[in-house]
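Examining the three-dimensional arrangement
Take a look at the letters that make up each chain.
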Amino acid sequence: MDATPIAEKVEKAPVKRRIIWLPTGWALISILLAGLSLSLIHTDWLWRWDQLLYDSQLNLWSRPAPDDIVIVAIDTQSLSRIGRWPWSRKVHAELIRRLTEAGAKAIVLDILFAEAEEPSPDADNSLIAAVAASGRVVLPVVFEQPGPEGRLVETLPMPALSRAAAALGHVHIDLDPDGIARRVHLKEGLGSPRWPSLGVAVLRLLDSGGWQQLPGMRNPDVALGAEGNIIRDHQILLPFAGPPGHFNRVSYVDVLNEKAGAERFRDKIVLVGATATGLSDSLPTPVSGWNQPMAGVEINANLIDALRRGIAIESVEMRWTILLTLLLLALPYLLYPRLKPRYVLMTSASLLLVTLMLSALLLHLFKFWFAPVPALVGLLLGYPLWSLLRLEHTVRYFEQELERLHAEPRAVSFYDGSPEVAKGLSFLQHIIPFNDWALRDASGRSIDADLHSDANLGEPGSSDTDPPPPCHLLRLPLPGNQGSLELRLPHAGGQSVSAEALNLLHEFVRQMAAPARTEPRNTVELIEKQIQQVQQAVAEMRSMRGLISDTLRQMLDGILVINPGGQVVMANGQAARLLGLGSERSLAGSRILQITANLQLQGSSWEQALRSVLVEQQTLSLEGQMPEGKELLIQMSPLSLTQGNLHGMIIILSDITQLKQSERKRTQTINFLSHDLRSPITSLLSLVQWKDGADLFTHEEMTRRVEHYARKALGLADSFLQLARAENSDQSGFHETDFVSIAHNAVDEAFAEARSKEIRLIRTIEVDEAWLKGDAGLLERALTNLLENAIRYSPAGSTVELSLDINEGEIECCIRDQGEGIRSEDQQRIFDPFQRTQDSNSHHKRGSGLGLSFVMVVAEKHHGSVSLESKPGQGSSFCLRIPLDPEKKPSV
């Protein structure tokens, strides 16, 4: 495995950066889309789609027909009863008289009377007289091309009839290129727009002096009109009230026959016109169904109704159309770069809906028609172009990052080929008992092998003579059916492979078969190939992340990574446990000064230490202590990330409690050897070498003193050796033993000393047998120490009691005396080595100070405990508790 640092490798292999600044490319595309939309507005190339949207809106905008507008229809019924068209003008005169008598407030004759009726001049006079007598008849003006020259002319009613009419108005309806009537000019004329539309003429008749200011889009070239050309002004889009036949209609012949009552025409606008098929000037409209054109007289009725209601629709001027379109196209330019990719499609659809709603809102509320198709085209093209641009940017970013990833070392590199496998198996042979191995592919062919014996490990095609026993051949399949690894176990009678060792072998095989980095399959699409590469890179990063996480989790030391703001950005569980916290999750995001508030540094403060590391970039090694007595080694080092030049620090916490305790014990041992053990030996040597000793002491006194000092030194050495033996004892040397017998032996051992001090020993043993796994010698010595201490500190004539019972699966053996008791301040340290209690006169009592420490060590080695209950003047009670052997029940 390459051990070169990652940062060093990155510096050695610089990567050429290729980045497209996304906002710049998007701005260029937005400008191109705006130019396309403006060209569509100018050329009106998609006018059909605009008109389709307008028609769909108009179909949703129906309204009831007004009650004061009635159409007198020249229909098929009237033609069949009155006769063929044209009718005598006396018939029309009679109709006008009847409508006038009925009280119609306006009569519109949508019939052209341009020439005299040659067979019957009296008919013309009758019509002129009826029109003049009514005073409320409006007649049409039309524009025609009568001659072959194709020059337009204004065709008016006969001069006498024109003078008799109350008003004249043009009936010209504009047809769009698709042949549908949508627009009306409220004023038209040859050379100048002097003729109002028929509807305006009616409204001016009814409202004298009114309707001088007309709605509609103005014609800027009105003043430039030339003779012979139609000049139009005040263009509007006609909002039809409903489909053909929507207005009230009465048959022409029914009016003449008085079948229609006069009340149907009183104070109403009556329009007379042809509706019969083949006779009327019917036109297709946005509200017309299939093969249902609308008669010209009904179109005029719709115009009168719309003008009265004030709902004439005007097209939005070109400059405002351009401005609204650009504003709508600016929204994706501003929004798309700021949104997450999954929201862009939803936003694009929302912008399309907003554009349609804006067009509908202007139409229905403000009576302005905004053609939305150029803006819709720009918005529709914007999303795929943005996606393409973003995809291109992503592809280039992938290329750059993949180059950088390839320049870095592999995240986790285990076994890249047969040499690495052979080395790994050679290592495993030192710790797992197997002799030979062979690596085979899926077909069973040997790829690599290490055969030290004559066994062929089942090689295909080899001799079957003396095949190895099946139980001694271990075959481990490789993942993905890539082959297998075969191991030869030791011969019969050798050590077998344990389950733990087998798990290690399986893990080795899994890592051995894991591919480090393979080229993706050859695909046509570059995106697919790069996605595979990114997936492999992400898998490697996840593997490295998992390796780091597992490494930190398994470390015995606590790890804290701190950012420059004092916040914990990485930690392991051991750090949380050492700091007295619940888990590593409790450390995430916490502040270093908060979590270390209970950790007291020796010789420094946390503020000073953090300043030295973060500011002065020093590496520190300090010691600290937790409130419960746990001692820690704190190592702090500055942390620099070279790529981002980010600074922080790493803190390593090591539990040195046992180490410090060992140091203290070593110091105490040295003190013991240099003072306590040396003192009697020195006294002995001084006594022997004293020249005047023979004259001062008798032979018996000298012998007694020598024996005293020798026994004292021997007792100290024996106590020290016993403590060392207890500390070095191992459970592998423990055996089944009866604690009741141990207790009896300890009492017998202390009997002589108790008798010499006239102290009575009492045994209170509630069970016959109490078996456990332990060291009988250590346990007996521990009870003897407790009994000797009780006898030593008890006055003559008192009693010392040993009680033994079973409580909750534990042996509970207590020694109680009637001595002076132990002060509370001495109880806290009485089990420490080389500690002695003091009497009431503050003098240390005799003893080595190792006896109770020995008892504590023996209890801990047997997974038990020892406790003390004592009050000054009331004696002491030491209780030793040792778990029973769960396989044997105590005998009561």
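As a reminder, the structure under discussion sits directly above these lines.
What you are looking at is a predicted structure, and each value in this text was computed from that prediction instead of being measured.

Rules used throughout
- Residues numbered from 1 in each chain as written.
- Predicted model: local features only at pLDDT ≥ 70, side-chain atom pairs only at ≥ 80, totals over all residues.
- Heavy atoms only, no water.
- Helix = DSSP H or I, 4+ residues; strand = E, 2+ residues; numbered from the N terminus.
- Buried < 20%, exposed > 50% of the residue type's maximum accessible area, 1.4 Å probe, protein only.
- Contact = heavy atoms within 4.5 Å.
- Areas by Shrake-Rupley, 256 points an atom, 1.4 Å probe, with all protein chains shown as cover.
- Phe/Tyr/Trp six-rings, centres within 6.5 Å; stacked < 30°, edge-to-face > 60°.
- Disulfide = S-S within 2.5 Å.
- Salt bridge = Lys/Arg side-chain N within 4 Å of Asp/Glu carboxyl O.
- Pairing = 2+ DSSP bridges.
- Axes fitted to C-alpha atoms, helices over the stretch in contact; angles between N-to-C directions.
- Left-handed = near helix turned anticlockwise from the far one by under 90°.
- Nonpolar A, V, L, I, M, F, W, Y, C, P; charged D, E, K, R; others polar.
- Expected span 1.5 Å × (residues − 1).
- Bend = angle between axes of the 7 residues up to and from the residue.
- Polar contact = N/O pair within 3.5 Å; in protein donor to acceptor, adjacent residues only side chain to side chain.

1. A look at the overall build of the chain
When helices and strands are tallied, the chain shows 27 helices and 30 strands. Of all 892 residues assigned to the chain, the portion counted as buried reaches 42%. For the chain, the share of sequence-separated contacts (at least 6 apart) that also reach a separation of at least 24 residues comes to 68%. Split by element, the accessible area of the chain, about 48,500 Å² in all, is 54% carbon and sulfur.

2. Some words on the packing of aromatic side chains
Here the structure, examined in full by the defined rule, presents six aromatic pairs. Measuring from ring centre to ring centre gives 5.7 Å for Trp 26 and Tyr 336, while their planes differ by 25°; the resulting arrangement is stacked. Here Tyr 336 lies in the loop between α11 (318–335) and α12 (341–366) and Trp 26 lies in helix α2 (residues 22–43), a separation of 310 residues in the sequence. For Trp 26, a relative accessible area of 1% puts it in the buried group. Residue Tyr 336 is classed as buried on the basis of its relative accessible area, which comes to 0%. By the ring-pair criterion, three or more aromatic residues cluster together here, those being Trp 26, Tyr 336 and Trp 386.

3. Observations concerning the state of the cysteines
Disulfide: a covalent bond connecting the sulfur atoms of a pair of cysteines. What the rule picks out here adds up to one disulfide. In this model Cys 814 forms its disulfide with Cys 879; the gap between the sulfur atoms is 2.1 Å. Taking the sign of the S-S torsion, about 110° here, the bridge from Cys 814 to Cys 879 comes out right-handed. Here Cys 814, found in strand β28 (residues 810–816), pairs with Cys 879, found in strand β30 (residues 876–883); they are 65 residues apart in sequence, far enough to count as distant. Taking relative accessible area as the criterion, Cys 879 reaches 8% and is therefore assigned buried. Considering cysteine sulfurs only, Cys 814 is the nearest to Cys 813, which forms no disulfide, with 6.8 Å between them.

4. Observations regarding the pattern of salt bridges
Throughout the structure, instances matching the rule amount to 25 salt bridges. Arg 218 is the salt-bridge partner of Asp 233, the closest N and O atoms lying 2.7 Å from each other. Of this pair, Asp 233 sits in strand β9 (residues 230–237) while Arg 218 sits in the loop between α8 (198–206) and β9; the two residues are 15 residues apart in sequence, bridging distant segments of the chain. In this structure Asp 233 comes out as buried when scored by relative accessible area, which is 4%. Of the charged contacts, one joins Glu 298 and Arg 249 as a salt bridge, the two residues approaching to 3.0 Å between their closest N and O atoms.

5. Some thoughts on the pairing of β28
Inspection of the sheet shows strand β27 (residues 799–807) paired to β28 by seven bridges, in the antiparallel sense. Residue pairing for β28: Leu 802 is matched across the bridge by Ile 815. Connecting the antiparallel pair β27 and β28 is a turn made up of two residues, with Glu 808 showing a positive phi of about 55°.

6. Thoughts on the packing of helix α25 (residues 776–792) against helix α27 (residues 851–861)
It is the contact of α25 with α27, at a shortest axis distance of 9 Å, that shows an interaxial angle of 145°. In this structure, α25 crosses over α27, and the sense of that crossing is left-handed. For the pair α25 and α27, the contacting residues are Leu 778, Leu 779, Arg 781, Ala 782, Asn 785, Leu 786 and Asn 789 in the first and Gly 851, Leu 852, Phe 854, Val 855 and Val 858 in the second. Per-class residue counts for the contact of α25 with α27 are eight nonpolar, three polar and one charged.

7. Comments concerning helix α24 (residues 739–756)
Between its first and last C-alpha atoms α24 spans 27 Å; for 18 residues at 1.5 Å apiece the expected length is 26 Å, and the two agree. Helix geometry: α24 is bent most strongly at Ala 750, by close to 40°. Taken together, the buried positions of α24 are Phe 739, Val 740, Ile 742, Ala 743, Ala 746, Val 747, Ala 750 and Ala 754. Measuring from the side-chain oxygen of the N-cap residue of α24 to the backbone nitrogen of Val 740 gives 3.2 Å; that N-cap residue is Asp 738. One or two positions beyond α24, positive phi appears at Glu 758, with a value near 60°.

8. Examining the sheet that holds strand β15 (residues 446–450)
Overall, antiparallel pairing links the four strands, which are arranged β15-β14-β17-β16 in an open sheet. In this open sheet, the two edge strands, each paired with only one partner strand, are β15 and β16 (473–477). Taken pair by pair, the neighbouring strands of this sheet meet at an average axis angle of 15°, ignoring direction. As paired elements, strand β14 (residues 437–441) and strand β17 (residues 483–488) share five bridges and run antiparallel to each other. Across the sheet, the residue bridging to Leu 439 is Leu 485, located in β17.

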